[in-house]
Amino acid sequence: MLSIDQKIKEFNSRSYDERLEISMNIITNLKDRWNTQAQELYDKISQMEKVPDAVINAIFQDFYDSVERIQREKIQSELHQFTKAWAYMEQLREKERQERKRENADWILDMIDDL
């Protein structure tokens, strides 16, 4: 899996037309999902004779930064769920150990002797 820096480097090595097409696809997809910022950006870019390289690169980088952030958040959420599940399993194990201890015949006899 390529890092964000590698993806940006690969993106920057493409021709202007390829980079413009990729960036416009990103904006179009976001716009079609009712992203208001993407809609505004799409409207502005559509009126330009030539979209500056800085804008094309910023669109691509912002998109991949967002994707990477979302992936990190998803991983953190999944780890949190795993940790909660692990803690719950430990509670169940402890409860089972306590129940086994109470079911232990020697323990029951000791309790009777103490009475």
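The structure reproduced in this document is the subject of the present report. (Residues numbered from 1 in each chain as written. Predicted model: local features only at pLDDT ≥ 70, side-chain atom pairs only at ≥ 80, totals over all residues. Heavy atoms only, no water.)

### Points about the side chain of Lys-31
The condition is simple: Numbering of helices and strands runs from the N terminus; a helix is a DSSP stretch of H or I covering at least four residues, while a strand is a stretch of E covering at least two. Any two residues having at least one pair of non-hydrogen atoms within 4.5 Å are treated as being in contact.
Assignment of secondary structure puts Lys-31 in helix 2 (residues 16–32). The residues touching Lys-31, leaving out its near neighbours within four places in the chain, are Ala-38, Gln-39 and Tyr-42.

### Remarks on the environment of Asp-62
Here is the rule we go by: Throughout this description, buried means an accessible area under 20% of the type-specific maximum (1.4 Å probe, protein chains only), exposed means over 50%, and partly exposed covers the range between.
Following the sequence through the fold, Asp-62 ends up in helix 4 (residues 53–103). Under the relative-accessibility criterion, Asp-62 is labelled partly exposed at 48%. Separated by 14 residues in sequence, Asp-62 and Met-48 place their C-alpha atoms 20 Å apart.

### Here's the deal with the packing of helix 2 against helix 4
Which entries qualify depends on this criterion: For helices, the fitted axis covers only the stretch in contact; all axes are lines through C-alpha atoms, and the angles between them, taken along N-to-C directions, range from 0 to 180 degrees. Working rule for angles: under 35 degrees goes down as roughly parallel, over 145 as roughly antiparallel, 65 to 115 as roughly perpendicular, anything else as oblique. By convention, the crossing between two helices is left-handed when the near helix turns anticlockwise from the far helix through less than a right angle, and right-handed when the turn is clockwise. In this classification, Asp, Glu, Lys and Arg are treated as charged, Ala, Val, Leu, Ile, Met, Phe, Trp, Tyr, Cys and Pro as nonpolar, and every other residue, Gly included, as polar.
Here helix 2 crosses helix 4 at 50 degrees, and the two axes come no closer than 9 Å. It follows from the interaxial angle that helix 2 and helix 4 lie oblique. Regarding helix 2 and helix 4, the two cross each other, and that crossing is left-handed. Of the residues in helix 4, those touching helix 2 at Tyr-16, Arg-19, Leu-20, Ile-22, Ser-23, Ile-26 and Ile-27 are Asp-53, Ile-56, Asn-57, Ile-59, Phe-60 and Phe-63. A per-class count over the contact of helix 2 with helix 4 returns 9 nonpolar, 2 polar and 2 charged.

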